Structures are given as C-alpha cells and as structure tokens.
Amino acid sequence: MVATHVVESKAPMLEQTNDLAEAETTNVEPAEKSTKITSEDVCVYYGEKQALFGIDLEIPENSVTSLIGPSGCGKSTYLRCINRMNDVIDICRVTGTIKIDGKDIYDPSLDVVELRARIGMVFQKPNPFPKSIYDNIAYGPRIHGLTSNKAELDELVENSLIKAGLWNEVKDRLSGPGTGLSGGQQQRLCIARAIATKPEVILMDEPCSALDPIATATIEELIDELRSNYTIVIVTHSMQQAARVSQRTAFFHLGKIIEEGETTQIFTNPQNEKTQDYITGRFG
Amino acid sequence: MTTEHIVSSYEDELASLDSKIAQMGGLTETLIAQAFDALCKGDVASANNVILDDAKIDEFELEIEEQAVTMIARRQPMALDLRQIMVAIKITSDLERIGDLGKNIAKRVLSIHTEIQPNQLMHGMKSMQDLALSQLKDVLDAYAERNTEKALAVWRGDEEIDAIYNSLFRELLTYMMEDPRNIGLCTHLLFCAKNLERIGDHTTNIAENVHYLVLGTNINEARPKGDNTSRMLINQDD
C-alpha cells in the first residue's frame, strides 16, 4: 500500500489515466479569471540606483502567481510594492501605478494601514511574535478591531488556525509560546496570522526556504487550498516549487520582466532564451 | 545555440544521452540493411546474425531509459532539458521497435531462403527498403542536428513509402492468385513489406519528436496517411 501524498493535488494527477474524462473536468482551470492586481510601468529607485524598470503585470484573482529570477533581479522589490512595504525605506521611490480591484494603492488619500490589513505577508524566516500562539493570531484582529467580543475572537483564532492546517497540532497549547513550535509549524502560524485579518491578497517571500521537505509539502498543500479564496503572489528560488504551486509565473531579470505566462508553458516551453537558460540552470 | 549548464556533469549526461541515441540509431540502420540483404540473398547465416544483433539494440533501450529516469530523479529537468529527456525515451522506444521489425524480416529469411524470389517483386521491395532506410538516416541526422526542416521533410516523405507498399500489396495478391504455390513465399514477403511500412511509421514518430524537442510544439498538419491496404480487395476479374 502506498501512503497518500501530503500534497493532495498530486494524487488526482497520478490517477488521471484511470479516468480521463473525469480528470479533464477536475484539472481544467476556469478560462479567464478577473484581474486582482494590475501593475503599469512600475519603476523603483533606491536613491540613485534603479531597481525596477517599467514592470507591467496583471495578477489574476484566486490563483497563485510565482515570481522567479536570480538574486537581485527585483522580484522581492516588486512584491514589497504591492503592500507598500517599500514606503518604510527612506531612499526608496516608486513610480507608475499599482491597482488592486482597479483602485490605485499609491493614492495619497489611501490608508496604508488598512491596505496592509487587506494584504497579508509571509516571510522567508518564520517570525512569530514573542507571544502565545493565541495572541499571535489575535494580534491583527485586535488592532484592526475586527471582532467585538472574546467569543468572536476565539472563533476567528480557531478558524485561522484550521485554515492554516495547524489547529489539531496546537489546540491544546494555545497559551504556549509561538516560538516553541517547529519551523514548519511556525511558518503555518505566520500564515494563520496573515489570514486572521481576512486579507484578499497574500504575499509570500520565499516561505519555504528555511523548511525541510515535509514542512515544505505541508505549506504547498496549504497554498493550494488557500488559492480558492485568496490571491497569492509568491517569490521563490525553487523553480520546482514555482512549477508545483503556481498557475502563472513571471520571470524577472535585472529589474525587468523577461517573460510571464502560464506556469506549465514557462516550464516546458519558455519562449525567451533567457528564461530557458535560467530555469534549466544555464544562467551565466 | 544554447549555452552550457553551470553544472558540467549535467551537461555531460545530456551529451551522453545524445551520443547513445546516435549509436543506437546507427546500429538500427545497419540491422535493417543487413536483414534486407539477407532476404535478397537468402543468406541464413547473416539472418541469424541480425537476430542476435537485435539484442544489442534492446540493451541500448534499457540503458538509455535507465539514464533518463535517473536524470529526471536527480536533476528535475525543465524546459528544453525536460523535452530532450522525454524525447530520448520516446525515440529509443521507436528505435527498439524498428529493430524488432528488422529482426522479424530476418526470421522470415529462415523460412523462405530456398524459394526463388520473383525479380520484379524484389525490385519493388528494394526501393521500399532504400527509402525506409534513407528516411531513418535522415531523421537521426535531424535529431543530431536539431533540424526541424529535415524532420518535417522526413515526416512528409512517409507517404511515398506507403505508396510503394500499396502497389506491392496489390502485386503480391496478384502473384498469389496466379498460383497458390506462391502463397507461402508471398505471405512472408507481404509481412516483410508491412514491416518496412511500419518502420516508416516509427521514423515518422521520431520526426514528430524532433519537432517537439526543438520547438516545444507538435507538427501542426494532418499526418499524411498513405497506407490504403486495409481497404483493398482484388477481384479475380481485375
């Protein structure tokens, strides 16, 4: 007997040959998803140095878009533009427009705190607050005033942990420190924390690069589940991960998007030679 | 031309895959030529050699497949590399089948070597063999050179083999009707002709794979199908 895959989506893929007709219906993505995030001519400067050059990118909603490219290519810089994290860097200047649901997020009248509540972020290294597991999740909802009483907050914490696939592992130790969890659990705690403020978009900056393969598979399974409700943008150095989890992929190089398209096409038949050289490990 | 991999051992493995296919292809070409030669000359010893040589082709298939599987496991190939490895597996299996068809011709030599072969018929068989062999050679060159034009030419050229097969089929049936004593020989020759026709089909498969390898897309034309024999009947009155 073979154990089932941690990543559930892999199981139907392997079974496809048994029932082609069924596989076709389950495996086909809805033809066109509406665009969640639109970027037009986005340029970013760190002082004199230009880091991004005219990025045009449309990110569809309820799907996973991965950003790949060599170190220093601007993919993380672009990711940080989406929740205006670059604002905190004094010398950083952003031009062009980024719209979420058609609204310019760099509009001066826009409340940045409210924007960041709508856009969750998960970082490379799990960074739980030095608080209890419960308080890690409850922190965001509390400061944003998302719940009105303790029972509601309890429910939100539970739901967030369930969605992040962590509830069963931590339900008996909610008052224990978040930092006492394993690396993979901590990362799922951070995802639960990001979900708790009910965001529309989740940004992930190399969320699995500090995790072992099993914890990575658990996170990837989670990403696959989350995409039915959230728009996910993930920066990853693992090409295999991009190929596994995302529906669309954008390849960045020297601050520009070289190629963007369906993930399956990018990894089997990229149109640009630079993309090909990078994903096959020929990059000089 | 593509740049080299950062990891040179990966580059070496891909190169060795190509060189093994070239060797396997060369062996297959020789085997077909020898099998047909044995058929024309009724040379039993040479036919037996062909039967033994086919085992070498089978070994190549196993070796290449094993290397491809190992590379998939160790390198997680992408894009062009992924296509090269997948195509290597497919081409190898086509070459192995071609080898089997050659061996089958050689086996028939053992049954019919004592019979006198009608000259005109063998002439047709010879031109079919020449064509099948040159197609196979061209497609292997197309693979080695990553040449889609050449692959397309081979792909389109299969129709010609089919045309010869159609006329041989007709001719063989006629011989059989003329004298039932011809039936044994002609049936064997009919299978030999069919084998050559099948070799053409496998060659066409390889051409399709070369196209996919280089461009990542399938050939966007209807495959020329010239083998009409499944619908062919000859009436005595013809």
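Residues numbered from 1 in each chain as written. Chains lettered and ligands numbered in written order. Predicted model: local features only at pLDDT ≥ 70, side-chain atom pairs only at ≥ 80, totals over all residues. Heavy atoms only, no water.

Caption draft 1: Structural view of the overall build of chain A. Scanning chain A for helices and strands turns up 12 helices and 10 strands. Its C-alpha atoms give chain A a radius of gyration of 19 Å, within 12% of the compact-globule value 19 Å for 284 residues. Expressed as lengths along the three principal axes of its C-alpha atoms, the size of chain A is roughly 55 × 55 × 35 Å. Counting all 284 residues of chain A, 49% fall into the buried class. For chain A, long-range pairs separated by at least 24 residues make up 67% of all intrachain contacts whose partners lie at least 6 apart in sequence. Surface summary for chain A: the accessible area is close to 13,900 Å², and the carbon and sulfur share equals 51%. (Helix = DSSP H or I, 4+ residues; strand = E, 2+ residues; numbered from the N terminus. Rg over C-alpha atoms; globule rule 2.2 N^0.38 Å. Buried < 20%, exposed > 50% of the residue type's maximum accessible area, 1.4 Å probe, protein only. Contact = heavy atoms within 4.5 Å. Areas by Shrake-Rupley, 256 points an atom, 1.4 Å probe, with all protein chains shown as cover.)

Caption draft 2: Spotlight on the overall build of chain B. A count of helical and extended segments in chain B gives six helices and zero strands. Along chain B, helices and strands appear, N-terminal first, in the series α-α-α-α-α-α. The principal-axis extent of the C-alpha atoms belonging to chain B is close to 70 × 40 × 25 Å. Taking all 238 residues of chain B together, 50% fall into the buried category.

Caption draft 3: Summary view of helix H1 (residues 8-41) of chain B. Taking 1.5 Å of rise per residue, 34 residues should cover 50 Å, and H1(B) covers 49 Å from first to last C-alpha, within 8% of that figure. B:Gly42 sits one or two residues past H1(B) and shows a positive phi near 65°. (Expected span 1.5 Å × (residues − 1).)

Caption draft 4: Quick look at the pairing of strand S3 (residues 64-68) of chain A. All names here are of chain A. Among the five residues that make up S3, five are buried, leaving the element largely enclosed by the rest of the structure. One ladder, built from four bridges, connects S3 with strand S8 (residues 231-235); its direction is parallel. Bridging across to S8, Ser66 finds its partner in Ile234. (Pairing = 2+ DSSP bridges.)

Caption draft 5: The interface of chain A and chain B, seen in detail. On the chain B side, the residues contacting the 15 residues of chain A number 18 residues. For the pair chain A and chain B, the summed buried area comes to about 1,300 Å², and 46% of that belongs to carbon and sulfur atoms. Contact with chain B buries surface across chain A, with A:Gln240, A:Asn269 and A:Arg282 losing the most and accounting together for 43% of the total. Scanning the region where chain A abuts chain B turns up one salt bridge. (Buried area = accessible area lost by both parts, 1.4 Å probe. Salt bridge = Lys/Arg side-chain N within 4 Å of Asp/Glu carboxyl O.)

Caption draft 6: Representation of a negative patch on the surface in the model. Residues and elements named next belong to chain A. A surface patch of negative charge is lined by Glu40, Asp41, Asp56 and Glu58. Of all the secondary-structure elements, those providing two or more residues to the negative patch are strand S1 (35-46) and strand S2 (49-60). Mapped onto the elements of the fold, Glu40 is located in strand S1. (Patch = residues over 30% accessible without salt bridge, like charges linked within 9 Å, V, L, I, M, F, W, Y side chains within 5 Å. Lys, Arg positive; Asp, Glu negative; His and termini not counted. Charge placed at Lys NZ, Arg CZ, Asp CG, Glu CD.)

Caption draft 7: Representation of the packing of aromatic side chains within the structure. Applying the stated rule across the entire model yields four aromatic pairs over all chains. Pairing A:Phe251 with A:Tyr278 gives two aromatic rings, centres 5.2 Å apart and planes at 20°, and the pair type is stacked. Taken together, the positions of A:Phe251 in strand S9 (residues 248-253) and A:Tyr278 in helix H12 (residues 273-279) put the pair 27 residues apart, joining distant regions of the chain. A single burial state applies to A:Phe251 and to A:Tyr278, both of which are buried. Aromatic pair B:Tyr165 and B:Phe169: ring centres 6.2 Å apart, planes at 65°, arrangement edge-to-face. With B:Tyr165 and B:Phe169 both in helix H5 (residues 148-178) and four residues apart, this pair spans about one turn of that helix. Over the aromatic face of A:Phe129 sits the side chain of A:Arg193, whose NZ or CZ is 4.2 Å from the ring centroid. (Phe/Tyr/Trp six-rings, centres within 6.5 Å; stacked < 30°, edge-to-face > 60°. Lys NZ or Arg CZ within 6 Å of the ring centre and 35° of its normal.)

Caption draft 8: Looking closely at the packing of helix H8 (residues 183-196) of chain A against helix H9 (residues 213-226) of chain A. All names here are of chain A. Here H8 crosses H9 at 20°, and the two axes come no closer than 9 Å. The angle between H8 and H9 places the two elements in the roughly parallel class. In terms of crossing hand, the pair formed by H8 and H9 is right-handed. Counted together, Gly184, Gln187, Arg188, Ile191 and Ile195 of H8 and Ala215, Thr218, Ile219, Leu222 and Leu226 of H9 form the full contact between these two elements. (Axes fitted to C-alpha atoms, helices over the stretch in contact; angles between N-to-C directions. Parallel < 35°, antiparallel > 145°, perpendicular 65-115°, else oblique. Left-handed = near helix turned anticlockwise from the far one by under 90°.)

Caption draft 9: Seen up close, the pairing of strand S10 (residues 256-262) of chain A. Two elements, S9(A) and S10(A), share six bridges in a ladder whose sense is antiparallel. If you follow A:Thr249 over to S10(A), its bridge partner there is A:Gly261.

Caption draft 10: Spatial organisation of the environment of A:Asp101. Residue and element names in this part refer to chain A. With respect to the helices and strands, the residue Asp101 is situated in the loop between strand S4 (92-100) and strand S5 (103-104). Spatially, the C-alpha atom of Asp101 lies 17 Å from that of Val42, the residues being 59 residues apart in sequence. The residues touching Asp101, leaving out its near neighbours within four places in the chain, are Lys36, Arg118 and Glu200.

Caption draft 11: Here's a closer look at the sheet that holds S1(A). Residue and element names in this part refer to chain A. The four strands lie next to each other as S2-S1-S4-S5, forming an open sheet whose pairing is antiparallel. Looking at which strands have only one partner, the edges of the open sheet turn out to be S2 and S5. The pairing of S1 with S2 spans eight bridges and is classified as antiparallel. The partner of Tyr45 across the bridge, within S2, is Gln50.

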